[in-house]
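# Structural features, examined
One-letter residues, chain by chain:
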Amino acid sequence: MRNGDILSGAVLAALGVFFIVEGQDLGLGRISNPGSGFMIFWVGWILTAMASAIVVAALRRSDNSTLRALWAGANWRKVGYVVLIMAIYAWALPGLGFIAATLVLLLVLFKTVEPQSWRVALIGSAASTAAAWLLFAKALGTQLPAGAFGLG
Amino acid sequence: MDIVANLALGLSVALQPINLLYCFIGVFIGTLIGVLPGIGPVAAMSLLLPVTFNITPEAAIIMLAGIYYGSMYGGSTTAILVNIPGEAASVVTCLDGHQMAKRGRAGPALGIAAFGSFIAGTLAIVGLMFLAPSLARFAVKFGPAEYFSLMVLGLSILVYLSHGSIIKALAMAAVGLVFGLIGIDSINAMPRLTFGKLELLDGLGLVPLVMGLFGIAEILINLEQKIAREIFDTRLGSLLPTKEDWKESAAPIARGSLLGFLLGILPGGGAVLSSFISYAVEKRMAKRPETFGKGAIAGVAGPEAANNAAAGGGFIPLMTLGIPPNVVMALLLGAFIVHGLQPGPLLMVQKPDLFWGIVASMYIGNIMLLVLNLPLIGMWVQVLRVPYAILFPLILLFCVIGVYSVSNSIFDVYLMIGFGVVGYLMKKFGFEPAPLVLAFVLGPLLENNLRKALILSQGDFATFALRPISATCLVIAALLLLSPLLPKLRAQREAVAKEE
């Protein structure tokens, strides 16, 4: 975890410095009447201190574990793929509408992540989309995007 | 007599058909998501939060509370039969519960888990009934300084009790505090950290944050691993524990109930920690500790009782002080606020029907759970047979619907996906999401009380030290955070973390 801690500590330290700068820009006010940036500024300092401590502790450790070791034996491509599909789904949802976008999303996920037979994928995605739409849009009155086809 | 009259008032609310229905829906969904690995009570409650917008506050809170304590029941089924905890509080139930199942004693293991949960859940409600009114009377005396220090103490306990590094947990709490402040400043209406985005003026949404860090991140972690699920396939046999089983389980259930209830009240304690500590206590107190890990029924009864009692105890700080002690209660606080209610010392006075209705519904919910869990275990086992490859796209879909329906905003869906990736990386790099989420919820309250206290004292920080309750909270918080510097205490804390 040594390299992982150095990287995560550095990211958090940067975030802490950002909070300090933003807090100062927002205004610290006076002690008798703290401003909008008062808490953000001081929490930024605490975060920077903690992040520095994480980095220093990691530098003092002798193990040489790499970042790659964190993903040893893990199928990270599958993770990246699902995140990408989700982002595309979110992008397509307003245009395509809930029913069309969800049908495609489920079909793609059923067929490509751990591939199911066409029969399972087609029936599964159609039945799940219909059930979700009936439950949320019809029974519970949830507003779902209708899209260009007006289906939602 | 007060208690009897209050309970009667509560029962008159809880027994209304519509509230009974929502209580049933809550415990049913709770059991279902408890059974299913990969979706916990936090994600399920976030998902159903928007659904509660159109129902009465009583029904909404009754249903959401039911999901929470229902999931504690359901989690044990997966742990015993599949050796995969349905949710985090059932991790230790795997150790002896699954061993019992392997030895042909799945029935009694499931039975004692359900009975132990029922007994502990009921005892916790009794405790809540007696303790909450006195604590609420006491809390009326709290001013901004006391509230600020109490929240600092709450966060410190959570950070202290988190697994692994205190420094990492503290860093997460700091990030959560600032994330909670994004949006319009409630005191001078100045937008903060919004980057010109209109969607951020109201602040980051709790639901996308929680769904991302807990729901999506959990799915991503599960996806990269191959989960070997071996469902126990022989007949369950009788679910009723034998006389001998009861003899061995009675004391662990009693101890687990007390321990869980007390830890549930503490901020940061909660169901997960109490089940681990109960297991450690039972192992230490056992006449034959060598049987633990090989199917000791006390190793199932104690932790299952503890996690249910903790679920009940967690309601005390929320309902009497308005301070959520854990992430689940933070979501319930969100539900209260959505319905225009502010939990705190005045809730019991201003809305006694709501307060006592929720308490009474928990009695009823516990009885429903006993009925749901024992005869319907066969059905829950069938649910477990659904492969994860089929299940995860559906969970993802429910997460999207849940987040979208809160504010009909695609921006929130992107936020959830983003937080999902952040949560996945946090797990990889050894950071816990719970301190971040609790600090996120407490952030605005904490800042508000800090600023009010400083305005009232004209900038004199001594106000925090001169008020006895505030000073006590801050001293305990400082001791907790500094304790890892003492080698002996650090060793003890690391031992607990290791056992977990």
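This structure is a prediction, so every number in the text was calculated from the model and none was measured.

Contact residues are listed per partner, giving 58 residues for chain B and 60 residues for chain A. Seen at the junction of chain B and chain A, the total is 1 salt bridge. A salt bridge links Asp 5 of chain A to Lys 168 of chain B; the shortest N-O distance between them is 2.8 Å. Where chain B packs against chain A, one counts 8 residue pairs in polar contact (both at pLDDT 80 or more). Of all the secondary-structure elements, those providing two or more residues to the side of chain B that touches chain A are α8 (166–181), β2 (191–192), α9 (206–224), α18 (388–407), α19 (410–428) and α20 (433–456) of chain B. Ranked by the residues each element gives to the side of chain B that touches chain A, the list is headed by α18 of chain B, at 12 residues. Here the residues of the side of chain B that touches chain A sort into 42 nonpolar, 8 polar and 8 charged.

This part covers the pattern of salt bridges. Residue and element names in this part refer to chain B. Counted by the stated rule, this structure contains 12 salt bridges over all chains. Linking Asp 245 and Arg 105 is a salt bridge whose minimum nitrogen-to-oxygen distance equals 2.5 Å. Here Asp 245, found in helix α10 (residues 243–265), pairs with Arg 105, found in the loop between α5 (91–102) and α6 (106–139); they are 140 residues apart in sequence, far enough to count as distant. Classification of Asp 245 by relative accessible area gives buried; the value is 5%. A salt bridge links Arg 192 to Glu 447, with the shortest nitrogen-to-oxygen separation between them at 2.6 Å. Here Glu 447 lies in helix α20 and Arg 192 lies in strand β2, a separation of 255 residues in the sequence. Both residues of the pair, Arg 192 and Glu 447, belong to the buried class.

You'll often see interface size given as the accessible area lost when the parts meet. Assigned domains of chain A: these are domain 1 (2–70) and domain 2 (76–139). Between domain 1 of chain A and domain 2 of chain A, the C-alpha centre-to-centre distance is 39 Å.

A few words now on the packing of aromatic side chains. One pass over the structure, following the stated rule, counts 14 aromatic pairs over all chains. Seen in terms of ring centroids, Tyr 388 of chain B and Phe 392 of chain B are 6.1 Å apart; in terms of plane orientation they differ by 25 degrees. Their pairing is stacked. Taken together, the positions of Tyr 388 of chain B and Phe 392 of chain B, both in helix α18 and 4 residues apart, correspond to about one turn of that helix. An aromatic cluster is built from Phe 18 and Phe 19 of chain A together with Phe 195 of chain B, whose rings are joined through pairwise contacts. Of note, Lys 168 of chain B hangs over the ring of Phe 431 of chain B, and the distance from its end group to the ring centre comes to 5.0 Å.

Moving on, we get to unusual backbone geometry. Residues and elements named next belong to chain B. One non-glycine residue, Leu 193, adopts positive backbone phi at about 50 degrees. When you line up the elements, Leu 193 lands in the loop between β2 and α9. Exposure remark for Leu 193: the relative accessible area of 6% places this residue in the buried category. You will see that Phe 195, though not glycine, has its phi angle at about 50 degrees, which is positive. Mapped onto the elements, Phe 195 comes out in the loop between β2 and α9.

Before going further, it helps to spend a moment on helix α6 (residues 118–139) of chain A. The end-to-end C-alpha distance of α6 of chain A is 30 Å, a good match for the 32 Å that 22 residues give at a rise of 1.5 Å each. The elements touched by buried residues of α6 of chain A are α5 (98–112) of chain A together with α18 of chain B. Trailing α6 of chain A by a residue or two, Gly 141 of chain A shows a phi angle of about 70 degrees, which is positive.

This brings us to the side chain of Thr 129 of chain A. Residue and element names in this part refer to chain A. Within the secondary structure, Thr 129 is located in helix α6. A distance of 2.6 Å separates a polar side-chain atom of Thr 129 from the backbone oxygen of Ser 125. Once residues lying within four places of it in the same chain are set aside, the contact partners of Thr 129 are Phe 98, Ile 99, Thr 102, Leu 103 and Leu 106.

Let us look at the packing of helix α4 (residues 76–96) of chain A against α19 of chain B. It is the contact of α4 of chain A with α19 of chain B, at a shortest axis distance of 9 Å, that shows an interaxial angle of 170 degrees. Put simply, α4 of chain A runs roughly antiparallel to α19 of chain B. Contacts between α4 of chain A and α19 of chain B involve Trp 76, Val 79, Val 83, Met 86, Ala 87, Ala 90, Trp 91, Leu 93 and Pro 94 of chain A from the first element and Ile 410, Val 413, Tyr 414, Ile 417, Val 421 and Tyr 424 of chain B from the second. By residue class, the composition of the contact of α4 of chain A with α19 of chain B is 15 nonpolar, no polar and no charged.

Analysis parameters
- Residues numbered from 1 in each chain as written.
- Chains lettered and ligands numbered in written order.
- Predicted model: local features only at pLDDT ≥ 70, side-chain atom pairs only at ≥ 80, totals over all residues.
- Heavy atoms only, no water.
- Contact = heavy atoms within 4.5 Å.
- Salt bridge = Lys/Arg side-chain N within 4 Å of Asp/Glu carboxyl O.
- Polar contact = N/O pair within 3.5 Å; in protein donor to acceptor, adjacent residues only side chain to side chain.
- Helix = DSSP H or I, 4+ residues; strand = E, 2+ residues; numbered from the N terminus.
- Nonpolar A, V, L, I, M, F, W, Y, C, P; charged D, E, K, R; others polar.
- Buried < 20%, exposed > 50% of the residue type's maximum accessible area, 1.4 Å probe, protein only.
- Domains from an automatic or database assignment.
- Phe/Tyr/Trp six-rings, centres within 6.5 Å; stacked < 30°, edge-to-face > 60°.
- Lys NZ or Arg CZ within 6 Å of the ring centre and 35° of its normal.
- Expected span 1.5 Å × (residues − 1).
- Axes fitted to C-alpha atoms, helices over the stretch in contact; angles between N-to-C directions.
- Parallel < 35°, antiparallel > 145°, perpendicular 65-115°, else oblique.

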